[in-house]
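# Per-entry structural report
The residues making up each chain are set out below.
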Amino acid sequence: AQTVTQSQPEMSVQEAETVTLSCTYDTSESDYYLFWYKQPPSRQMILVIRQEAYKQQNATENRFSVNFQKAAKSFSLKISDSQLGDAAMYFCAYPSQGGNNRKLIWGLGTSLAVNP
Amino acid sequence: DAGITQSPRHKVTETGTPVTLRCHQTENHRYMYWYRQDPGHGLRLIHYSYGVKDTDKGEVSDGYSVSRSKTEDFLLTLESATSSQTSVYFCAISDAGTGMNTEAFFGQGTRLTVV
């Protein structure tokens, strides 16, 4: 079965510090994308960063970067210089594959608090 | 921002009544999805569509039906609402056109309360 596991239901970080959110997944595919989404209190789901599995280089978007370990099926999100606006739920996701079955498999999320 | 609109944004309904939620997109994306979000359960897929009149069940489809008669509209119907269907419902769209880049764009969500 295709699964995504986020082992940290809640985390906290001091403003300006760095925090890493973990995500592991299970797939038999070799070519796929991985995504991190952010859901602030407004409820709007926002794509934070994506990683292409066939690329060895870790993706980076400003203060957000990933540590992608393909063999270990691990896809962690690092937030540097944390800001109060980073407080949100963060979800890891990857696409299931096969025919018309183009849908995302989601982790249960990590709630991140940022302390001033 | 992706053009995706959900209506209504909030709704309170009584147990046993039918309810229809609407998702409208202006992106011409092929895939459309309905999720529900509940504390401790993350996002759970209810139904999805991969084209006009082409739909399939997700992991929590019981008690829900969908229809997609046009590319831009995807309707979710609760045939007879129950209190267990109180939730926040999200519509999402995806082009999924190139390989596995299945980035999803989300609507603002609908908070449904069944009393």
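A brief look at the structure comes next. Bear in mind the structure is a predicted one, so any value in this text is a computation, not a measurement.

The rules behind each value
- Residues numbered from 1 in each chain as written.
- Chains lettered and ligands numbered in written order.
- Predicted model: local features only at pLDDT ≥ 70, side-chain atom pairs only at ≥ 80, totals over all residues.
- Heavy atoms only, no water.
- Helix = DSSP H or I, 4+ residues; strand = E, 2+ residues; numbered from the N terminus.
- Buried < 20%, exposed > 50% of the residue type's maximum accessible area, 1.4 Å probe, protein only.
- Contact = heavy atoms within 4.5 Å.
- Areas by Shrake-Rupley, 256 points an atom, 1.4 Å probe, with all protein chains shown as cover.
- Lys, Arg positive; Asp, Glu negative; His and termini not counted.
- Charge placed at Lys NZ, Arg CZ, Asp CG, Glu CD.

Summing up its helical and strand segments, chain B has zero helices and 11 strands in all. Written out in order from the N terminus, the α and β elements of chain B read β-β-β-β-β-β-β-β-β-β-β. In terms of overall dimensions, chain B has C-alpha extents of about 45 × 30 × 25 Å along its principal axes. When each of the 115 residues of chain B is scored for burial, the buried share is 51%. Of all intrachain contacts in chain B linking residues separated by at least 6 positions in sequence, the fraction that spans at least 24 positions is 55%. When the accessible surface of chain B is split by element, carbon and sulfur atoms take 46% of a total near 5100 Å². Side-chain charges of chain B comprise 11 positive and 13 negative groups, with the mean position of each set lying 4 Å from the other.

Moving on: unusual backbone geometry. Residue and element names in this part refer to chain B. With an omega of -10°, the peptide bond between Ser-7 and Pro-8 qualifies as cis. Along the chain, the position of Pro-8 falls in the loop between β1 (4–7) and β2 (10–13). Its identity is not glycine, yet Asn-28 carries a phi of approximately 60°, on the positive side. Looking at the element boundaries, Asn-28 is found in the loop between β3 (19–25) and β4 (31–38). Of note, the phi angle at Lys-53 is positive, near 65°, even though the residue is not glycine. Looking at where Lys-53 falls in the secondary structure, it is placed in the loop between β5 (42–51) and β6 (54–57). On the basis of relative accessibility, which here comes to 69%, the residue Lys-53 falls in the exposed class.

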